[in-house]
Amino acid sequence: MPGRHFLFVPGPTNVPDRVQRAMVVAMEDHRSSKFPDLTLPLFQDLKKVFKSTDGQVFIFPSSGTGGWEAALTNTLSPGDKVVASRFGQFSHLWIDLAQRIGLDVQVLEEEWGTGVKPDKIEAILRADKEQKIKAVLCVQNETATGVTSDIGAVRKAMDAAGHNALLYVDGVSSIGSIDFRMDEWRVDLAVAGSQKGLMLPAGLGIVCASQRALAAYKTAQCKRVYFDFGDMIKANATGYFPYTPALPMLYGLREALKILFEEKLEHVFERHHVLASGVREAVKAWGLTPCAKGPEWYSDTVTAIVVPPGFNGADVIDAAFRRYNLSLGAGLSQVAGKVFRIGHLGDLNDLMVCGALAGAEMAMKDVGIDVTLGSGVGAAQAYFRSTIMAKEKKPTEQEAFGVLHPEGVVNA
Ligand SMILES: *Cc1c(COP(=O)(O)O)cnc(C)c1O
């Protein structure tokens, strides 16, 4: 199909042209004296993304899943008691991984469409008088349902309970797109991946560990080899890796971080909020509802849209892909067929989102869902315009067209 493909799955996301070009490099010796010039600043700059001053960043040739495994195996021992909330496919998979490496997981089942409940965690920690619980695992942004949980509130709950469990956060689909504060929330292990907010291909699992996490490493008994923190720390100290690094990915990461810092992280978060709000306006205009049960759960990186009864979200996705060159995200597990997802993270702007909304509308119409063509796009357009106008503090249309100024001055 001619023209650009519209990639609107919540990962992998669009790789900016600049990043793609930066990755087209000849291979080089990763033991040369020049190699640390590339790698050492990467560790420092990633810390800025995690908002960590004294954390240790690890870059594994892996994906987010490897980051999960690295975070857990390096800091815990088989049989350790951990608490984790389950409310979507990604929180489920992390729990499954934790169980398979031998941890004793107390699973807090939450309704899909909601997220982590800090008060519940506080109660459990309070009841754990002997401090047997070693870890609290939270998925900040559940990509399957489009739900964001309040990690700052989880930290407050842990403090209120006076418990010293470590706090683990999956930020794979949030870090670099949604506000994340490693230091302020005293997160001990944060996991990110390359193919979501970092605008790279899949291939890197990135972990940031606090000083407390590094202390836990010293006694953690889970088996690990490839993901061992100690080997990494030793080699990374001088800018090298214990094994062959994924060189083009590191060059891509260099450029992606540059792009994020040029835009400034706070603006990146704001842009994601605006794009997400535009999508939510469209969903409302279609007469549909997000899978997220209320505004307090709304995610700024992905929206799962519930299709009306009698329809299959997979048919919408298929029509969008075959007819309109648009990739939408599938419903996973419990919500398979019940939702389709629009990923709105990474290298995106208003008009790109309007394109995806237009395609989603057409695909929904094709499968027989009663939506009015243009309704969602129109709602998003109106929202994007109003946001831009407010930001530019432009004169109102009345003022611009020469009617009365607030001070009573008539425009020329
Ligand atoms: C994508 C994703 C993962 C898994 O990452 P992979 O890179 O596919 O291994 C984990 N958690 C969340 C929240 C995700 O969105």
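Residues numbered from 1 in each chain as written. Predicted model: local features only at pLDDT ≥ 70, side-chain atom pairs only at ≥ 80, totals over all residues. Heavy atoms only, no water.

(A) Region of interest: the overall build of the protein. For the protein, the helix and strand inventory stands at 14 helices and 14 strands. With respect to the three principal axes, the spread of C-alpha positions in the protein is 70 × 50 × 50 Å. Taken over 412 residues, the protein has a buried fraction of 55%. Partitioning the intrachain contacts of the protein with sequence separation of at least 6 by distance along the chain shows that 72% fall at a separation of at least 24. Surface summary for the protein: the accessible area is close to 17,600 Å², and the carbon and sulfur share equals 56%. Taking the average location of the 43 positive side-chain charges in the protein and that of its 46 negative ones, the two points are 3 Å from each other. (Helix = DSSP H or I, 4+ residues; strand = E, 2+ residues; numbered from the N terminus. Buried < 20%, exposed > 50% of the residue type's maximum accessible area, 1.4 Å probe, protein only. Contact = heavy atoms within 4.5 Å. Areas by Shrake-Rupley, 256 points an atom, 1.4 Å probe, with all protein chains shown as cover. Lys, Arg positive; Asp, Glu negative; His and termini not counted. Charge placed at Lys NZ, Arg CZ, Asp CG, Glu CD.)

(B) Quick look at the packing of helix α11 (residues 313-324) against helix α12 (residues 350-366). The N-to-C vectors of α11 and α12 enclose an angle of 115 degrees; their axes lie 8 Å apart at closest approach. Here α11 and α12 pass one another in a crossing that is right-handed. Across from V316, A319, A320, R323 and Y324 in α11, the residues of α12 making contact are G359, M362, A363, M364 and D366. Among the residues forming the contact of α11 with α12, the class breakdown is seven nonpolar, one polar and two charged. (Axes fitted to C-alpha atoms, helices over the stretch in contact; angles between N-to-C directions. Left-handed = near helix turned anticlockwise from the far one by under 90°. Nonpolar A, V, L, I, M, F, W, Y, C, P; charged D, E, K, R; others polar.)

(C) Structural detail: the side chain of S327. Along the chain, S327 turns up in strand β13 (residues 326-330). Side-chain polar atoms of S327 contact the side chain of H5, separated by 2.8 Å. Those residues within four positions of S327 in sequence are excluded, and the remaining contacts are H5, F6, L7, F8, V9 and F321. (Polar contact = N/O pair within 3.5 Å; in protein donor to acceptor, adjacent residues only side chain to side chain.)

(D) The arrangement of the side chain of R280 in detail. Note that R280 resides in helix α10 (residues 265-285). R280 gets classed as buried once you look at its relative accessible area, which sits at 13%. In terms of polar contacts, R280 uses its side chain to reach the side chain of D300, at 2.9 Å. Those residues within four positions of R280 in sequence are excluded, and the remaining contacts are H273, Y298, S299, D300 and T303.

(E) Just the domain arrangement of the protein, in detail. Entries for the protein in the domain assignment read domain 1 (17-262) and domain 2 (264-392). Each of domain 1 and domain 2 was reduced to a C-alpha centroid, and the two centroids are 28 Å apart. Between domain 1 and domain 2, the contact holds 32 residues from the first and 25 residues from the second. Summing both sides of the interface, domain 1 and domain 2 together bury roughly 2,200 Å²; the carbon and sulfur share of this comes to 62%. Of all residues in domain 1, W112, G146 and S177 give up the largest surface area on contact with domain 2, accounting jointly for 23% of the area buried on that side. The interface formed by domain 1 and domain 2 contains two salt bridges. Between E111 and K293 there is a salt bridge, with its nearest N and O atoms 3.6 Å apart. Along the contact surface separating domain 1 from domain 2 lie twelve residue pairs in polar contact (both at pLDDT 80 or more). (Domains from an automatic or database assignment. Buried area = accessible area lost by both parts, 1.4 Å probe. Salt bridge = Lys/Arg side-chain N within 4 Å of Asp/Glu carboxyl O.)

(F) Examining helix α13 (residues 375-392) more closely. Taking 1.5 Å as the rise per residue, α13 with 18 residues should run 26 Å; its terminal C-alpha atoms sit 26 Å apart, in good agreement. When α13 is considered as a whole, its buried residues turn out to be G376, V377, A379, A380, F384 and T387. The arc enclosing the buried residues of α13, seen along the axis, measures out at 165 degrees, which places them on a common side. On its buried face, α13 sits against α10 and α12. Positive phi shows up at K393, right after α13, with a value of about 45 degrees. (Expected span 1.5 Å × (residues − 1). Arc of directions from axis to C-beta.)

(G) Fine view of the site of the ligand. Close to the ligand lie 13 residues; S63, T65, T143, D170 and K196 are nearest. G64 is positioned such that a nitrogen or oxygen atom in its backbone is 2.9 Å from an oxygen atom of the ligand. Taking D170, its side chain carries an N or O atom lying 2.6 Å from a nitrogen atom of the ligand. Surface burial for the ligand is 89%, taken as the share of its 380 Å² of free accessible area covered by protein chains. With three residues, helix α3 (residues 64-73) is the largest single contributor of residues to the shell around the ligand. Here the shell around the ligand is composed, by residue class, of four nonpolar, seven polar and two charged. (Near = heavy atom within 4 Å.)

(H) Inspection of the environment of P78 at higher detail. Of note, P78 is situated in the loop between α3 and β3 (81-86). Between the alpha carbons of P78 and A363 there is a distance of 48 Å; along the sequence they are 285 residues apart. Discounting chain neighbours no more than four positions away, the residues touching P78 are G102, Q221 and C222.

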